[in-house]
Amino acid sequence: MHSKTGDMKDDGQGDEVIALHPAETGMQLGRALLHALHNAGISVLYQDREMKTVWARNMRAPWVSDTTDGSGVLPAAQADRIGAAKRDVIASGNPQRLEISVPAEDGFRWFQVWVDADHGDGGSVQGVVTTMVETTEQKRREQTLTTLLREVSHRSKNLLAIIQSIATQTGRYSDGITDFLTRFRGRLQSLASSQDLVTSSNWRGAALHELVSGQVGRNGVDPSHGLRFRGANPYLNPNAALHIGLAMHELAVNSVSYGALSRANGFVEVTADLTAAAGGTALALTWAEAIGTNDTERNQKRFGSVALERVVPASLNGTATLEIEPGRLEYRLVVPHGNFETE
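Residues numbered from 1 in each chain as written. Predicted model: local features only at pLDDT ≥ 70, side-chain atom pairs only at ≥ 80, totals over all residues. Heavy atoms only, no water.

Asker: Whenever I open this one, the pattern of salt bridges confuses me. Can you help?
Answerer: A side chain with one charge can pair with a side chain of the opposite charge if their charged atoms come near. Counting across every chain of the model gives eight salt bridges. Of the charged contacts in the structure, one is a salt bridge between K139 and E99, with a shortest N-O distance of 3.3 Å. With K139 in helix α3 (residues 136-172) and E99 in strand β6 (residues 96-104), the pair connects residues that are 40 residues apart, well separated along the chain. Exposure remark for K139: the relative accessible area of 17% places this residue in the buried category. Residues R187 and E250 are paired through a salt bridge, measuring 2.3 Å at the closest nitrogen-oxygen approach. A residue pair is termed long-range when its members are at least 10 positions apart, and R187 in helix α4 (residues 177-200) and E250 in helix α7 (residues 238-258) qualify at 63 residues. Residue classification places E250 among the buried positions, given a relative accessible area of 8%. (Salt bridge = Lys/Arg side-chain N within 4 Å of Asp/Glu carboxyl O. Helix = DSSP H or I, 4+ residues; strand = E, 2+ residues; numbered from the N terminus. Buried < 20%, exposed > 50% of the residue type's maximum accessible area, 1.4 Å probe, protein only.)

Next up, the structure:
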C-alpha cells in the first residue's frame, strides 16, 4: 500500500510500520518537529559532556540566555538544581525529572524538566538532552481544586455543626418524638433550601429578598401576596444565608400556623435597613405581622424563640429581639457588615 507519507512494511512481527521516503527524513521532518515543539510549548536543549550548548530549539523565557550552560534567567537555586541533575545524568547515564518554579508578575510559573543522556553507539554518554514543559495552568488548576476541596470540607463541618445545634435545640423544646421529627424535618428542609441558593451561587451566598421569599413560599404561601418586602437587598455570605434562612423558616411556620399567614388575605412585612454601626454598616432586618388577640398565647407557647433570639444572632455576632403582644408580632435581627455585601 502506498501513500503520500511512505510505504507500509511488515516489521517482522506481524505489525505494519510506515517507512519514510528519503526526502522526508531530512528538512521536512525537522520542520514538522519544530512546529510540534512550538505548538506544544516544549523547549529542548542539547549539551555536550562539558555542558556546552550544541543546539537549542523553541527556547523561551526563562530559558533564553546568552550563557553557554543553558541556565537562562533562572533563579540561582533552580539553575543549580538543573545543573546538578545534568552532571548526575552525564556521570550515571540515568534520566532525571524535576519540577521547578520561577517567580513571575502574577505569582509563579511552573515547569516540568526532563534530563536524559544521549548515548553513543558504544553506550557511552555523548551529551545531555534537557526538555522543558510549562505546567503553570495545570498547577494552578490543581491548587484551585485543592483550595475548593478544603473549602468544601470547612463548609461541610460548619453545616454539620448547624445541624447538630438544630437537633439539640429541637429536642430540648419538643413535646415528644412526633413533635421533634416534624419540627426537625422542617428545619432541615429549610436549611437545604438555603443551601441550594448558596450552592447555585458557587458558594458566594444568597440575596436577602430571594432567601426570604423562598422560605415563605416553602410553606404554601404565594410571596407575591403574603410577603411585603421593603428596603435593601444585600448579598448574604453563606453562613448568614443559612442562619437567616432558618430564622425566616421559624417565622413563616409560626405565621402559617398561628399568625397572619393563617388567615385569608393575611400578609407579613419584612423590612431591611442598612444602618451605621461601629465597624461599618449593619443590617437591621425586621419581620412584623398582625396576629389575633387569641393567638398571642399560642405564639408564645409554640414559637421557636430559642433559635430566633439565641442561636441565629449568636451565629452571626449580632443581636435579636422578639416581641409578641396582643395583635402584633415583631422580630428584629441586627447583624454586622461582615455577614453581607451591599454591592
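Asker: Explain the nonpolar core here, please?
Answerer: Buried together is how nonpolar side chains tend to be arranged in soluble globular proteins. By size, the foremost hydrophobic cluster in this structure holds 38 residues, and its most contacted members are L208, L236, I244, W287 and Y331. With residues up to four places along the chain from it excluded, the contact list for I244 reads L208, L211, L236, L285, L316 and L333. Among the nonpolar cores identified, the runner-up in size contains 19 residues, and M51, V89, I90 and V102 belong to it. (Core = buried A, V, L, I, M, F, W, Y, C linked by side-chain atoms within 4.5 Å. Contact = heavy atoms within 4.5 Å.)

Asker: Help me understand the pairing of strand β5 (residues 53-57), please; the structure alone is not making it clear to me.
Answerer: Remember that side chains alternate between the two faces of the sheet whenever the strand is regular. Pairing of strand β4 (residues 42-48) with β5, which is carried by four bridges, proceeds in the antiparallel orientation. What sits directly across from Q47, in β5, is T53. The antiparallel hairpin formed by β4 and β5 contains four residues in its connecting segment, where M51 sits at a positive phi of about 65°. (Pairing = 2+ DSSP bridges.)

Asker: What is the right way to read the sheet that holds strand β8 (residues 125-134) from this model?
Answerer: Strand-to-strand pairing in sheets goes through backbone hydrogen bonds, with the strands running parallel or antiparallel. Spatial strand order, β5-β4-β8-β7-β6: five strands in an open sheet with antiparallel pairing. Whereas interior strands pair on both sides, the edge strands pair on one side only; in this sheet they are β5 and β6. Going across the sheet, the axis of each strand differs from the next one's by a mean of 20°, ignoring polarity. For strand β7 (residues 107-119) and β8, the ladder comprises nine bridges, and the chain directions are antiparallel. Its bridge partner being in β8, Q112 is matched across the sheet by V133. Where α3 meets the sheet, its contacts fall on β6, β7 and β8, and the angle it forms with β7 comes to roughly 125°. (Axes fitted to C-alpha atoms, helices over the stretch in contact; angles between N-to-C directions.)

Asker: Help me understand the sheet that holds strand β12 (residues 268-277), please; the structure alone is not making it clear to me.
Answerer: If you trace the five strands from one edge of the open sheet to the other, you get β10-β12-β13-β15-β14, paired in mixed fashion. What marks the edges here is a single partner per strand, and that holds for β10 (227-231) and β14 (319-325). Here the average twist between neighbouring strands, direction ignored, is 15°. Bridge count between β12 and strand β13 (residues 280-290): 10 bridges; the pairing is antiparallel. The residue of β13 that forms the bridge with E269 is A288. Packing of α7 onto the sheet brings it into contact with β12, β13 and β15 (328-335), and relative to β13 it is tilted by some 10°. Along the sheet, helix α9 (residues 305-315) makes contact with β14 and β15, crossing β14 at roughly 165°.

Asker: Help me understand the packing of α4 against α7 in this model?
Answerer: Angle between the axes and distance between the axes: these two values describe a pair of packed helices. Viewed as axis vectors pointing N to C, α4 and α7 meet at an angle of 140°, and their least axial separation amounts to 9 Å. Relative to α7, the element α4 is oriented oblique. As α4 runs across α7, the sense of the crossing is right-handed. Here G186, R187, S190, L191, S194, Q195 and V198 of α4 come into contact with α7, specifically with P238, A241, L242, G245, L246, H249 and E250. Classifying every residue of the contact of α4 with α7 by side-chain character gives six nonpolar, six polar and two charged. (Parallel < 35°, antiparallel > 145°, perpendicular 65-115°, else oblique. Left-handed = near helix turned anticlockwise from the far one by under 90°. Nonpolar A, V, L, I, M, F, W, Y, C, P; charged D, E, K, R; others polar.)

Asker: So what exactly am I meant to see when it comes to the pairing of β12 here?
Answerer: Where β10 lies against β12, five bridges are found, and the strand directions are parallel. Paired with G231 across the bridge in β12 is A272. Adjacent in sequence and paired antiparallel, β12 and β13 are bridged by two residues, among which G279 carries a positive phi angle near 90°.

Asker: Even after reading the chapter, I still don't get α4, so can you show me in this structure?
Answerer: Every α-helix winds through 3.6 residues per turn, so residues three or four apart in the chain are directed the same way. Its 24 residues give α4 an end-to-end C-alpha distance of 34 Å, which sits within 8% of 34 Å, the value for a rise of 1.5 Å per residue. Listed in full, the buried residues belonging to α4 are D179, F180, R183, F184, G186, R187, S190, L191, S194, Q195, L197 and V198. N202, located one to two residues past α4, shows a positive phi value of around 60°. (Expected span 1.5 Å × (residues − 1).)

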